[in-house]
Structures are given as structure tokens and as C-alpha cells.
Amino acid sequence: MLQIVDLNKKYGDFHSLKNLNLIVNPGEVFCLLGQNGAGKTTTINLCLGFIPPTSGYIKIDGEQVNDKSSSVSSKVAYIPEVVMLYGNLTGLENLDFFSRLAGFKYANSQLESFLSEANLQKEAHAKRVGGYSKGMRQKVGIAIALAKNAKLIFMDEPTSGLDPKATDEFSKIVLRLGEQGKAVLMATHDIFNAVNIGTHIGIMKDGQLIHSLQNSDINPNQLQKLYLETI
Amino acid sequence: MNKYWNIIRYEWLLLRRDRAFAILFGFVLVLSLYTIFVGYKKYQYVKQQREQAASKQRKLFLNQGEVNAHMAAHYGYIVVKPSSLLSFVDPGVEPYTGTTIRLEAHQQNDPVFVPASGQSSLIRFGELSFGLLLQVIFPLLIIFSSYRSVINDRENGTLKLLLSQGVSLRTLILGKVLTYTMIYLFFLIISVLIYALLVKMEIGTYAWDQILYRLLFMILIYFLYYFIIASITVFLSAVYNSSSALLVTLLALWFVFSIIMPKATANFGAQYAPLQSKQSFNKSMVEASKTGIDNLPPIEEYKQHFRDSLMKAYHVTDLKDLPFRSSGVLMQADETYRNVIYDHAFGGYKDTIRLQNSIATFSSLLNPFQAIKNLSMAICASDVEHHFLFLEQGEKYRRKLVAELNHQDAYGEHEDVSKDYFHRIPDFSYQSPSIAWSIARRKLELTSIGLWSVILLGLLISGTLFIKKI
């Protein structure tokens, strides 16, 4: 689903990303670990086409990102650290607006079902997002991804700042997405969460992917040790 | 197209739910209606005053009784400029030009009773009209309502989420530009509809089609004008990183374009082509008649030649022997001579004013505010060209009236005309020009608005590709 080949990104003399190679297949949840500045967010920004690469390429479902004729944007969804929605719109209205921008027009009942699927309590659906907690906003973000029926979902530290219960709820949703055959690339600082939900785990440092592991090959303690040694 | 509609729909919903904008929009609506109603009341008052004055003068003219035709030509006729129905939308130069002219034999008088001269010094600097609101205040409000539209989305991260949905920055920016253009166009249309209703009540079907064309054209050019303002604001909102720096830039642009440049070009125009004083204008006419102009000999020579040729034609040696009263014919010859001198001098006077205005007209290519200002006055029939038209029609009426009275003096049964005679002279009736006439004199301004719109549309379509997304 996602294929990153020899990807480099330079800002002047600063080499932000160095020869990144990575593959995420359908049903896989690839968790990228690393300190701030390791290149996780840059990788996601490049994958979403927000910034152009210096060299190398990214293919999503066989189509190259930044190719004007490609339709990759219709295949991907994005959940940032804080899903910044419009505070003066309700959860339903936000979902409707973002879905319409992606080319989907749903009835209210369908929108409600996406929000419920993302575990947002029913009474919050028609409330303005300005009063939502971070966890509730993240759930609307997931609902947006579900409504778009994206094959590949990028998540940029989505559980950062969430309380343990909200993190647990979020993790379960990500696992379910993987089970549904979605490919997920998630940048995170949370080692234990990565072990819980990731099928694959990568450790980045200074723009390089230092380790790329299968979850089955490593336990949480080994991962923590490896992570601390790497960074 | 659907994406644009969705952006417009939700952008509008967001603005409606923002308390600050709700207050702002309420303020705009109240201000629009206030200027329309105050303007309408003022129009009614001015119209009544002018109609009363014109009617009174007509009565005085008709009731002169039996008088000498030449005396009647000296007594003359007073014409009052009718108030343009659209002048209360944009008063243009009307407050600063005279409204009443005394038409009499031998000389062309200046229009008198300048409305602004009776106003307080504050109003003389420019009254709050609907036109001022549309041209100066609305652009400022567009800036205030839209300058954070993209920068806000970028600062709080919503832009990334929007772009990840597959919507391009170009679509987003164009959608926002259309939203703000349409919001202010909506206020314009509401106000114009109310205005049209008031006008319809006032005039019925008389000249309604011309008013309607002018209103529709007004909506069209203001649509383009607001599109220009919204495009610049939203585009810069996508380019700038700091909202405070952006606001300062936009306010500076607004100030320079709508306040400084028009004043500067007007001052430059006055310096570049100084206008003759009335004294100097009259003196130049006297000089011209003394020396003659082009193929016209000096006046005394002309008069002598006319007298001689008249006597020769009728084979007489004394004017008294002519088969008609010579005074009327000689007076008309003198009138014809002076008309040529006046046309020459007044033509130069008009040329000077047009040269002064041409500086502002050319600056409209750089400044859309100047373009809309001139176009608005033309649409509302309140610019200097419409004032000239009134003067020309007044002068034409004067010439016809004087010629008629001179004819009566020369060929009438008696030197005195009967008291019924004056009833045969039709009243002065100002003929309003068509919108095509008004607009034909503002081609450069139209070109400016059109060019700005096309260039900015091009910038929104292709320029957005070069803006960094995050």
C-alpha cells in the first residue's frame, strides 16, 4: 500500500531525512518511534504531499505522490497530534464538511454511524466541537478517516496528551482499522502503545530509519532497551 | 463546483456563528439601510426644493405680462438641475457643483447654489453616503473579516487536515474568496432591492428600465470590485506567516489606495493643469472678442460687416429702412458671435477639467478604488460629465430661447410680446443620458476593473501552486 524508496529531504544544509526506505502493506500498523526531530513528522508530511522530497519517491497504492495526475489523496487519511476542527461547528457538521471536501455526501444517519464507530458518545454528536476534549476530537478525526474510506491512514502522535483510558480506546480503534485491512503509518513516542498496536515498529534517529522490526520479534522490554540505546 | 459550494456554505456558517462577525454583519446591514434611507429622504427633500424652485421660476417667466422681447431675453430664464435618482446612492460631484443657472441674452452665467456650501465644514469633507460605504467601508470590512481566513487554518493545523481530504490550496482559497465576495455582494443586493423599491414607489414606470440597467450594472462592477479586494486579502493570508504583519500590510494598502492615491492624483491633476479663475475666463472671452479667433474677425469688425451685408442684401442705406426691426437681427448676430467665443473658451475650460481628471483616470489602472469611484459616479449620473451635459443642455436651451425672443423682436407684430406668448415657450427639461452614454466615458476604469479581476483570478489559479502548503 505504501512504498517509500530512497527518500531524502533537505532544508538548506540540514538533512532532515536520509535515504528512507519503508513498506506498509494492507492490514499492517507501522509505528515509527523516535525523539523530536528524528524525521517522523517530515516523513508523514512527505507522504501526504505537503512538502516535496529532495530525492527519492513515495508510492501509494502504486501511484506516486506529488504526481499531478495521481489520485492518492482520495486513498489516504490523516490524523494529527491534535485534530484541529472548527470549534463553531458540531461534530456532525465537521464530519459532513470534511467528507464533502473528500467528495462524499452522507445522510445524517450515516454520519452518526461513523461517529459512533469512532466511539464518540451520541450526545456529543450535535454539540459544538469547541467544547470537546482532545480525545473526542481525535475520535472525530477517526470518523473523518472512516467516512473517507481511506486505505492508508497517517497518524502523527495521535495519543500524545490523551489520558490512559482515551489512549486505550484509541488503540483499540487502530487495531480494528488494521483488522479491516487498512494500512496505518503512525508516528509516536509511546513505546508501549507501539508494541500494543503495531504489527511493525521502526526506530528513527537524525532522519534515518535505524531499526525496522516485526512486533512478533520483540517484547516491550527489549524494545525499550533498544530504543534507549538507539536514541 | 461542489467543493466550492461546500467551502462557501461552511465558511458562511462559521462566520454566522462567530459573535464578532455577527455583530459586524449586523452593523453593516444597519449602516447600509441607514445610508439608503437617509439618502432617500435627502433626495426627496432636494427634489421637492428643486421642483418648487423650478415651478416658481416658470410661473414668474410665464406671468411677465406684455414686455419688450429684448427685455424678456435679458430677464431670461432660470433652470434648476433635477436631482438624479441615483445621486443619493453616490452623490459624486453634485454637492460641489451649482444647481441653478440663470439663462439670459449676451452672457453665459455660472451655475449657483452649491449644496455643499450650505453644509457644515465636516460634511463638506464628504458625507456618509451609500456609495462611500460600498467603496471605502466595505473593502475595509472585507479585510477585517477575511484576513485570517487561511492564516488561521495554517496556524492551528486545520489546513493540513483540509488538504489531506484532497482539496487543493487553490480550491480552498478560491472558495474563501467567493465566500467573502458574495457576503458583501449580498449586503449590496439587499440594499439595492430596497432602493429599487423606493425608486419604484417614487417614479412608477417612468425611466424605470434605465434605473434598472444602472442598478444591475452597479451590482456587476461591485461584484468584481469585492472579488478584487477579497482575492488580494485571502491570497496574502495564504502567503503571510504572521497575521499581525498581514493586517498592517492590508490596512496600509487600503489607506494608500482609498485615501492617499485619490487625493494625491487630484492634487497632481490640479497642479498639472491649473484651472482658470472665473475672472480670467471672462477676461479671455473679452480679449478673444476684441481680437477675434481662428476665422472669426474682431467683434466690431464682424458687426460692421454684418450691418453692411444686411443693408446690401436689402438694398438700403439705413438700418431703419429694413423691412423688419434691425435690433432683433443685430442682437442675434451678436449672440451668434459670442456663442462661438464662448464655445471656444468653455471647450478649453472643459478640456482642462478633463485633463485634471485624466490623471485620476489613468491612476485607476493601478488603483481599483479610483476605478470604482469613477464608475460609480458615472452609473449614478453624478460625475463631472453629467454636470457638463446639464450645462450643455442649459446652454442649448438658452440659445434657443434667446434666438426665439430675438426673432420676435425682429419680426413680431409689435416690439412687445403678448402675455400669452410665453406660454408657447416650452419649459426646460433635462434629458438624462442612457447608461451606455455614461459608461462610454469610463472605458479606462472598466478596463481597469476587468484587468484586475482577470489578473487576480489568474494569480489565484496558478499563483497558489507556488505557495507553501504548511
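Analysis parameters
Residues numbered from 1 in each chain as written. Chains lettered and ligands numbered in written order. Predicted model: local features only at pLDDT ≥ 70, side-chain atom pairs only at ≥ 80, totals over all residues. Heavy atoms only, no water. Pairing = 2+ DSSP bridges. Helix = DSSP H or I, 4+ residues; strand = E, 2+ residues; numbered from the N terminus. Axes fitted to C-alpha atoms, helices over the stretch in contact; angles between N-to-C directions. Parallel < 35°, antiparallel > 145°, perpendicular 65-115°, else oblique. Left-handed = near helix turned anticlockwise from the far one by under 90°. Contact = heavy atoms within 4.5 Å. Nonpolar A, V, L, I, M, F, W, Y, C, P; charged D, E, K, R; others polar. Buried area = accessible area lost by both parts, 1.4 Å probe. Salt bridge = Lys/Arg side-chain N within 4 Å of Asp/Glu carboxyl O. pLDDT = per-residue confidence, 0-100. Expected span 1.5 Å × (residues − 1). Buried < 20%, exposed > 50% of the residue type's maximum accessible area, 1.4 Å probe, protein only. Patch = residues over 30% accessible without salt bridge, like charges linked within 9 Å, V, L, I, M, F, W, Y side chains within 5 Å. Areas by Shrake-Rupley, 256 points an atom, 1.4 Å probe, with all protein chains shown as cover. Core = buried A, V, L, I, M, F, W, Y, C linked by side-chain atoms within 4.5 Å. UniProt positions renumbered as here; feature names shortened; annotations may be inferred.

A. Spatial organisation of the sheet that holds strand β7 (residues 152-156) of chain A. Residue and element names in this part refer to chain A. With mixed pairing, the 6 strands of this open sheet are ordered in space as β6-β7-β8-β3-β9-β10. Lying at the two open borders of the sheet, with one neighbouring strand each, are β6 (76-79) and β10 (208-214). Pairwise comparison of adjacent strand axes, ignoring direction, gives a mean angle of 15 degrees for this sheet. For strand β9 (residues 200-205) and β10, the ladder comprises 6 bridges, and the chain directions are antiparallel. Paired with Ile 201 across the bridge in β10 is Leu 213.

B. Examining the packing of helix α5 (residues 130-146) of chain B against helix α9 (residues 208-239) of chain B more closely. All names here are of chain B. Relative to each other, α5 and α9 sit at 25 degrees, their axes nearing to 9 Å. With respect to α9, the axis of α5 lies roughly parallel. Like other packed secondary-structure pairs, α5 and α9 cross with a definite hand, here right-handed. Here Gly 131, Leu 134, Gln 135, Phe 138, Pro 139, Ile 142, Ile 143 and Ser 146 of α5 lie close against α9, whose contacting residues are Tyr 222, Tyr 225, Tyr 226, Ile 229, Ala 230, Thr 233, Val 234 and Ser 237. For the contact of α5 with α9, the residue count by class is 11 nonpolar, 5 polar and no charged.

C. Seen up close, the interface of chain B and chain A. Listed by partner, the interface residues are 23 residues for chain B and 28 residues for chain A. Buried area between chain B and chain A, both sides added, is near 2,500 Å², and the carbon and sulfur share of it is 62%. For chain B, the biggest contributors to the area lost against chain A are B:Arg17, B:Leu161 and B:Gln165; these three give 29% of the whole. Inspection of the region where chain B meets chain A yields 1 salt bridge. Between B:Arg17 and A:Glu93 there is a salt bridge, with its nearest N and O atoms 2.6 Å apart.

D. Seen up close, the confidence of the model for chain B. When pLDDT is averaged along chain B, the result is 88, and 96% of the positions lie at 70 or above. Least confident of the elements in chain B is helix α4 (residues 121-124) of chain B, whose mean pLDDT is 48; most confident is helix α17 (residues 443-462) of chain B, at 95.

E. Geometry of the sheet that holds strand β3 (residues 100-104) of chain B. Residues and elements named next belong to chain B. If you walk across this open sheet you meet the 3 strands as β2-β3-β4, and the pairing is antiparallel. Each edge of the open sheet carries a strand with a single partner, namely β2 (77-80) and β4 (107-108). Of the strand pairs in this sheet, β2 and β3 are connected by 4 bridges, and their pairing is antiparallel. Its bridge partner lying in β3, Val 80 is registered against Thr 100.

F. Focus on the confidence of the model for chain A. Model confidence for chain A is summarised by a mean pLDDT of 91, while 99% of its residues fall at 70 or above. For chain A, helix α7 (residues 220-230) of chain A is the element with the lowest average pLDDT, namely 86, and helix α2 (residues 91-101) of chain A is the one with the highest, namely 95.

G. Representation of helix α11 (residues 278-291) of chain B in the model. Between its terminal C-alpha atoms α11(B) stretches 20 Å, which fits the 20 Å expected from 14 residues at 1.5 Å a residue. Buried residues in α11(B) make contact with β4, α12 (299-313) and α13 (326-363) of chain B.

H. Quick peek at the pattern of salt bridges. Per the stated rule, a full pass over the model turns up 25 salt bridges over all chains. For A:Glu169, the salt bridge is made with A:Lys139, and the minimal N-O distance between the two is 2.4 Å. Of this pair, A:Glu169 sits in helix α5 (residues 164-179) while A:Lys139 sits in helix α4 (residues 134-148); the two residues are 30 residues apart in sequence, bridging distant segments of the chain. You can call A:Lys139 buried: its relative accessible area is 11%. We note a salt bridge from A:Lys165 to A:Glu169, for which the minimum N-O separation is 3.4 Å. On the criterion of helical spacing, the pair formed by A:Lys165 and A:Glu169 is a turn pair, its members being 4 residues apart in helix α5. Classification of A:Lys165 by relative accessible area gives exposed; the value is 59%. Linked through salt bridges whose partners overlap, the residues forming this network are B:Glu335, B:Asp343, B:Glu395, B:Arg398 and B:Arg399.

I. Quick peek at a nonpolar patch on the surface. Residues B:Tyr34, B:Val38, B:Leu128 and B:Leu132 make up a contiguous nonpolar surface patch of about 330 Å² in total accessible area. With respect to the helices and strands, B:Leu132 occurs in helix α5.

J. Structural context of the nonpolar core. In this structure, A:Leu2, A:Ile60, A:Phe154, B:Tyr184 and B:Tyr195 are the most contacted members of the largest nonpolar core, which totals 168 residues. The element that contributes the greatest number of residues to this core is α9(B), accounting for 18 residues. If near-sequence neighbours (up to four positions away) are discounted, B:Tyr184 is found in contact with B:Leu24, B:Phe25, B:Val28, B:Phe138, B:Leu141, B:Ile142, B:Ser145 and B:Tyr226. With 39 residues, the next largest nonpolar core counts B:Leu62, B:Ile101, B:Val402 and B:Phe422 among its residues.

K. Spatial organisation of the UniProt feature "transmembrane region" (unreviewed entry) in chain B. Residue and element names in this part refer to chain B. Under the local residue numbering, the UniProt record ascribes the feature "transmembrane region" (unreviewed entry) to residues 20-40, 128-147, 177-199, 211-236, 242-261 and 449-467. Along residues 177-199, the helical share is 100% and the strand share 0%, with 32 Å between the first and last C-alpha atoms. Across residues 211-236 one finds 100% helix and 0% strand; the C-alpha atoms that close the span lie 37 Å apart.

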